[in-house]
Structures are given as structure tokens and as C-alpha cells.
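What the coordinates show
What follows is the residue order along each chain.
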Amino acid sequence: MDLPNNAKNSTLQANDYKTVVDACTGNAACVGITVWGTSDDYSWIPGVFPTQGDALLFDANKDPKPAYYAVADALKAAKVRGRFNSW
């Protein structure tokens with residue numbers, strides 16, 4: 001997200017995460033979602049994109065962000081179709 005992080009950007013980020021989860025859970029061919037890290041203090045994003053950051057589900061204090069709750073809510077609302085295949 002664009003820095004500095006603020007309420008508007010946090011809401012946009014939560015909506016973006018929800019959109020991705022909804023797209024995956026609505027498509028039988030989607031087998032997973034990858035998040036490249038857990039907390040913002042260990043993110044690689046600011047080192048590569050200096051005006052960007054705070055991209056993960058937990059903040060630098062390891063507290064869940066609105067995006068975390070958006071993902072959890074989207075997964076909770078998802079309908080399970082078919083059966084799990086552990087290969």
C-alpha cells in the first residue's frame with residue numbers, strides 16, 4: 001500500500017485482500033492463496049518499492065490488521081465445494 005499507512009489505505013487494503021480471497025474461493029481451479037510474509041516489520045516491499053509498505057496481514061507489532069479480518073471473514077463465508085485432496 002502507499003505509505004504512510006492511514007485508515008483509508010487500510011480499508012482499501014482490506015478490500016483488496018477480500019477481493020482476492022473471494023475470487024479464489026469462487027473458482028474451483030484456485031488451490032491456494034500465497035501471502036509473502038506475515039508481519040510488516042519483516043516485509044521486503046519497502047526495500048524494493050520505497051513509497052510502499054505495510055502490505056501484510058499483521059503490523060510491525062504482530063497485531064492483526066483490517067486485512068487479516070477481511071481474509072478471515074471471507075474464508076468463513078466461503079462455501080466448500082468438493083472434497084479436500086491431499087494428493
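Structure first, text after, so check above.
In short, a report on the structure. (Residues numbered from 1 in each chain as written. Predicted model: local features only at pLDDT ≥ 70, side-chain atom pairs only at ≥ 80, totals over all residues. Heavy atoms only, no water.)

1. Brief notes about the nonpolar core
Formally: As used here, the term nonpolar core means buried Ala, Val, Leu, Ile, Met, Phe, Trp, Tyr and Cys residues forming a set that is joined through side-chain atoms within 4.5 Å. Accessible area is worked out with a 1.4 Å probe on protein chains only. A residue is then buried under 20% of its type maximum, exposed over 50%, and partly exposed in between. Numbering of helices and strands runs from the N terminus; a helix is a DSSP stretch of H or I covering at least four residues, while a strand is a stretch of E covering at least two.
Tyr17, Val21, Leu57, Ala67, Val71 and Ala74 together form the largest nonpolar core, which totals six residues. Those elements that provide at least two residues to this core are α1 (7-25) and α3 (66-77). At three residues, the largest contribution of residues to this core is made by α3.

2. Looking at α3
Put simply, the rule is: Helix span, expected: 1.5 Å multiplied by one less than the number of residues in the helix. Taken from the helix axis, the directions to the C-beta atoms give the arc we talk about.
End to end, α3 covers 16 Å across twelve residues, agreeing with the expected 16 Å (1.5 Å per residue, within 8%). For α3, the set of buried residues is Ala67, Ala70, Val71 and Ala74. In an axial view of α3, the angular spread of the buried residues amounts to 95 degrees, which keeps them on one side of the axis.

3. As for the state of the cysteines
Short version of the rule: Throughout, a disulfide means two cysteine sulfur atoms within 2.5 Å of one another.
All chains considered together, the criterion is met by one disulfide. Residue cysteine 24 pairs covalently with cysteine 30 via a disulfide, S to S 1.8 Å. What sets the handedness of the cysteine 24 and cysteine 30 disulfide is the S-S torsion sign, and at about -95 degrees it is left-handed.

Keep in mind that these numbers describe shape and distance, not what the molecule does.
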